[in-house]
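So the chains spell out like this:
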Amino acid sequence: MSKTIELPKFYEDLTPPYLNKRKDELKLLHTCFVEGNVDHIQKVAHKIAGSGGSYGLPEISRLGKEIELAAEKNNPQELKELLDTFTDYLESIEVVYKD
Amino acid sequence: MAEKRILIIDDDPDIRNYFAKFFRVLDSNIKLHEASTLVSAVDLLERESVSLILLDLRLEYEMGVEFLKFREDMAKIKKIPVVVISAHSEEEMVRECLQYGIKDFIKKPFEGFEQLKKRLEKISSFSRLT
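Residues numbered from 1 in each chain as written. Chains lettered and ligands numbered in written order. Predicted model: local features only at pLDDT ≥ 70, side-chain atom pairs only at ≥ 80, totals over all residues. Heavy atoms only, no water.

Caption draft 1: Inspection of the environment of Ala41 of chain B at higher detail. Residues and elements named next belong to chain B. Its location among the elements puts Ala41 in helix H2 (residues 38-47). The exposure class assigned to Ala41 is buried, which follows from its relative accessible area of 0%. Sequence separation of Ala41 and Asp10 is 31 residues, and the distance between their C-alpha atoms is 9.6 Å. (Helix = DSSP H or I, 4+ residues; strand = E, 2+ residues; numbered from the N terminus. Buried < 20%, exposed > 50% of the residue type's maximum accessible area, 1.4 Å probe, protein only.)

Caption draft 2: Focus on helix H1 (residues 13-26) of chain B. All names here are of chain B. If you check H1, its first and last C-alpha atoms are 20 Å apart, about what 14 residues at 1.5 Å a residue would give, namely 20 Å. Among all positions of H1, only Asp14, Ile15, Arg16, Tyr18, Phe19, Ala20, Lys21, Phe22 and Phe23 are buried. Sitting at the amino-terminal end of H1 is Asp12, which places a side-chain oxygen 2.9 Å from the backbone nitrogen of Asp14. (Expected span 1.5 Å × (residues − 1). Polar contact = N/O pair within 3.5 Å; in protein donor to acceptor, adjacent residues only side chain to side chain.)

Caption draft 3: Spatial organisation of the interface of chain B and chain A. Listed as interface residues are 20 residues of chain B and, on the opposing side, 19 residues of chain A. The interface formed by chain B and chain A holds seven salt bridges in total. Residue Lys47 of chain A pairs with Glu60 of chain B through a salt bridge whose shortest N-O separation is 3.8 Å. In this structure, the connection of chain B to chain A is made through seven residue pairs in polar contact (both at pLDDT 80 or more). Looking at side-chain class alone, the side of chain B that touches chain A contains nine nonpolar, three polar and eight charged residues. (Contact = heavy atoms within 4.5 Å. Salt bridge = Lys/Arg side-chain N within 4 Å of Asp/Glu carboxyl O. Nonpolar A, V, L, I, M, F, W, Y, C, P; charged D, E, K, R; others polar.)

Caption draft 4: Spotlight on the environment of Asn74 of chain A. Of note, Asn74 of chain A is situated in the loop between helix H3 (58-73) and helix H4 (76-92). Distance from Asn74 of chain A to Val38 of chain A, taken between C-alpha atoms, is 6.9 Å for residues 36 residues apart in sequence.

Caption draft 5: Layout of the packing of aromatic side chains. In this structure the tally under the stated criterion is 13 aromatic pairs over all chains. Judged by centre distance (4.2 Å) and plane angle (10°), the ring pair of Tyr18 of chain A and Tyr55 of chain A falls under stacked. Here Tyr18 of chain A, found in helix H1 (residues 15-35), pairs with Tyr55 of chain A, found in the loop between helix H2 (38-51) and H3; they are 37 residues apart in sequence, far enough to count as distant. Note on accessibility: Tyr18 of chain A and Tyr55 of chain A belong to one class, buried. With centroids separated by 4.9 Å and ring planes inclined at 50°, the aromatic side chains of Phe22 of chain B and Phe113 of chain B adopt a geometry described as tilted. Here Phe22 of chain B, found in helix H1, pairs with Phe113 of chain B, found in helix H6 (residues 113-121); they are 91 residues apart in sequence, far enough to count as distant. Taking relative accessible area as the criterion, Phe22 of chain B reaches 0% and is therefore assigned buried. (Phe/Tyr/Trp six-rings, centres within 6.5 Å; stacked < 30°, edge-to-face > 60°.)

Caption draft 6: Examining the sheet that holds strand E5 (residues 104-107) of chain B more closely. Residue and element names in this part refer to chain B. Strand order in the open sheet formed by five strands is E2-E1-E3-E4-E5, with parallel pairing between adjacent strands. Each edge of the open sheet is held by one strand with a lone partner, namely strand E2 (30-35) and E5. Looking at each pair of strands side by side, their axes are set apart by 20° on average, direction ignored. H2 rests against strand E1 (4-9), E2 and strand E3 (52-56) of the sheet, and its axis sits at about 160° to E1. (Pairing = 2+ DSSP bridges. Axes fitted to C-alpha atoms, helices over the stretch in contact; angles between N-to-C directions.)

Encoded structure:
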């Protein structure tokens, strides 16, 4: 089910490329997970935690922080669930911009 | 009107992009210089005069606090106000940065355009810019 998020016009040219980058990045994170490269997942997730809310999408920051912590704990089951949740979230949102 | 220059030191291009848009909207007379490493930041500071530095604490291969330490011994750079922007906000880390005379410590992610604007406007050196 898709979820519509309303953001101010300020984000109109910022957020679409940001979301596309996250989708590409998630494919890489899934590959890192399979290869057991949790250090890279932790680094990338740290950046996601710091940027998502700045782009008007605090849920992305929240998930980024959780992924970062799960990678730090090296908890594969939690990490897999969170990466899947993040994938579902990115696939489910539709962002609209208003004045 | 003279161009106002600000330097952001952050290895995350998404944060640099965010600030590029932020300052473009805030004042078209502000020129944002970008550096993703401390070496490139110092190199830029040797060539350019800037009025404010925004500094991330956790860079790809180095810690922003190293820049604050380095700045202590560089008269030209030491005068430039620094605002730390970081996803880390542990008390100890904030205290260490404050020891180096930073103007503010702003936690990532930022809450929104107006909130960030208000926060920066509290810094006198920034208010003089805008």
